[in-house]
Amino acid sequence: MDKDGNCGAVLAMQNIANPISVARKVMEETPHVMLAGKGAEQFAYEQGFEKTNLLTEESKQAWEEWKKTSKYKPIINIENHDTIGMLAIDADGEIAGACTTSGMAYKMAGRVGDSPIIGAGLFVDNEVGGATATGVGEEVVRTVGSFLIVELMRQGKLPQEACEEGVKRIIAKNKDKQDFQIGFIAINKKGETGGYCIHPGFTYRTYTKEGHVNNPSDSYLKS
Ligand code: GLY
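Heads up: these notes are all about the structure in this document.

Calculation rules
Residues numbered from 1 in each chain as written. Predicted model: local features only at pLDDT ≥ 70, side-chain atom pairs only at ≥ 80, totals over all residues. Heavy atoms only, no water. Helix = DSSP H or I, 4+ residues; strand = E, 2+ residues; numbered from the N terminus. Rg over C-alpha atoms; globule rule 2.2 N^0.38 Å. Buried < 20%, exposed > 50% of the residue type's maximum accessible area, 1.4 Å probe, protein only. Contact = heavy atoms within 4.5 Å. Lys, Arg positive; Asp, Glu negative; His and termini not counted. Charge placed at Lys NZ, Arg CZ, Asp CG, Glu CD. Near = heavy atom within 4 Å. Polar contact = N/O pair within 3.5 Å; in protein donor to acceptor, adjacent residues only side chain to side chain. Nonpolar A, V, L, I, M, F, W, Y, C, P; charged D, E, K, R; others polar. Axes fitted to C-alpha atoms, helices over the stretch in contact; angles between N-to-C directions. Parallel < 35°, antiparallel > 145°, perpendicular 65-115°, else oblique. Phe/Tyr/Trp six-rings, centres within 6.5 Å; stacked < 30°, edge-to-face > 60°. Lys NZ or Arg CZ within 6 Å of the ring centre and 35° of its normal. Pairing = 2+ DSSP bridges. Disulfide = S-S within 2.5 Å.

**Things to note about the overall build of the protein chain**
Tallying secondary structure elements over the protein chain gives six helices and 11 strands in all. Against the compact-globule benchmark of 17 Å for 223 residues, the protein chain has a radius of gyration of 18 Å, which places it among compact chains. The 223 residues of the protein chain split such that 43% are buried. For the protein chain, restricting intrachain contacts to residue pairs at least 6 apart in sequence, the fraction spanning at least 24 positions comes to 54%. Distance from the positive charge centre (25 side chains) to the negative charge centre (30 side chains) of the protein chain: 6 Å.

**Quick look at the site of the ligand**
Residues in close proximity to the ligand include Thr 83, Thr 101, Gly 103, Met 104, Arg 111, Asp 114, Ser 115, Gly 135 and Gly 137, which together make up its full environment. In the model, a nitrogen atom of the ligand is placed 3.4 Å from a nitrogen or oxygen of the Thr 83 side chain. At a separation of 2.8 Å, an oxygen atom of the ligand approaches a polar backbone atom of Gly 137. Among the residues making up the shell around the ligand, the classes are represented as one nonpolar, six polar and two charged.

**Thoughts on the packing of helix α1 (residues 19–29) against helix α2 (residues 37–46)**
Following both chains from N to C, one finds α1 and α2 inclined at 85°, their axes separated by 10 Å at the closest point. Considered as vectors, α1 and α2 are oriented roughly perpendicular to each other. Within the contact between the two elements, α1 uses Val 22, Lys 25 and Val 26 and α2 uses Ala 40, Phe 43 and Ala 44.

**Regarding the packing of aromatic side chains**
What describes a pair of aromatic rings is the distance from one ring centre to the other and the angle between the planes of the rings. One pass over the structure, following the stated rule, counts three aromatic pairs. Each ring, one from Trp 66 and one from Tyr 106, has its centre 4.9 Å from the other, and the planes form 10°; the classification is stacked. One end of the pair, Trp 66, is in helix α3 (residues 57–67); the other, Tyr 106, is in the loop between β4 (95–100) and β5 (122–125), with 40 residues separating them in the sequence. Take Trp 66: its relative accessible area is 18%, and that puts it in the buried class. Residue class for Tyr 106 comes out partly exposed when judged on its relative accessible area of 30%. Centre to centre, the rings of Phe 123 and Phe 147 are 5.0 Å apart; their planes meet at 80°, and the pair counts as edge-to-face. Placement of Phe 123 in strand β5 and of Phe 147 in helix α5 (residues 145–154) is noted, with a sequence separation of 24 residues between them. Looking at Phe 123, the relative accessible area reads 14%, which means it is buried. The positively charged end of Lys 67 is found above the aromatic ring belonging to Trp 63, 4.0 Å away from the centroid.

**Section: the sheet that holds strand β8 (residues 193–197)**
What the five strands build is an open sheet, ordered β5-β6-β7-β8-β11; its pairing is mixed. Edge positions in the open sheet fall to β5 and β11 (218–219), since each of these has one partner strand only. Across the face of the sheet, α5 comes into contact with β5, β6 (129–135) and β7 (182–188) while running at roughly 145° to β6. Along the sheet, helix α6 (residues 159–172) makes contact with β7 and β8, crossing β8 at roughly 20°.

**Overview of the state of the cysteines**
In protein structure, a disulfide is the covalent linkage between the sulfur atoms of two cysteines. Using the criterion set out here, one finds zero disulfides in the structure. Take Cys 99: it sits in no disulfide, and the sulfur closest to it among the cysteines is that of Cys 7, at 11 Å. A residue is classified by how much of its surface remains accessible, and Cys 99, at 13% relative accessible area, is buried. Cys 197 provides the cysteine sulfur closest to Cys 163, a residue in no disulfide bond, and the two sulfurs are 10 Å apart. Note on Cys 163: relative accessible area 0%, which makes it buried.

The structure is reproduced here in structure tokens:
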């Protein structure tokens, strides 16, 4: 998603190693925002992306093992998916963002998480700031989490305060179960950043001209 509100997403797309680059092509080369499944894959080939078999022998064996019980139960902070969210601000204060994921492992066929949904897994409003999410996408979709955080910053909250409020909204909807992880990061027009999560263990990196800093995120639950 760029500074002008242009955005692109692909979802349920197989056989392409870098879907984030296809999402960018959707934004730049089509009149659409989202392409899904076979249509997204076909578009990727038309744009010059190569067909790649992404199923390793190790993943196949892990999946065969999982099928014995077929339990869908994401483990907190165990990386059974690989969501990465990035927010960037340039010297003129222009903000853009991106996120990418393989999605939850061992999900139902056709399941879509938060990452390709603009407003849920990612949102940028160049007048205000940007936010992105990781964790169990269903909970982020239910609160339109990244859009919520940008709107909270519009109302005057700092990125840190907005991320905390975003997590608390999700907690409020899940009073009886908090056995899943969500992490948000955010940036505002001043380049101030914040991050917050439910369970300890989520970290985010900031990169400035001084270099990289790893930031352990504060969490709603302390252990
Ligand atoms: N946050 C990634 C997913 O739920 O698939």
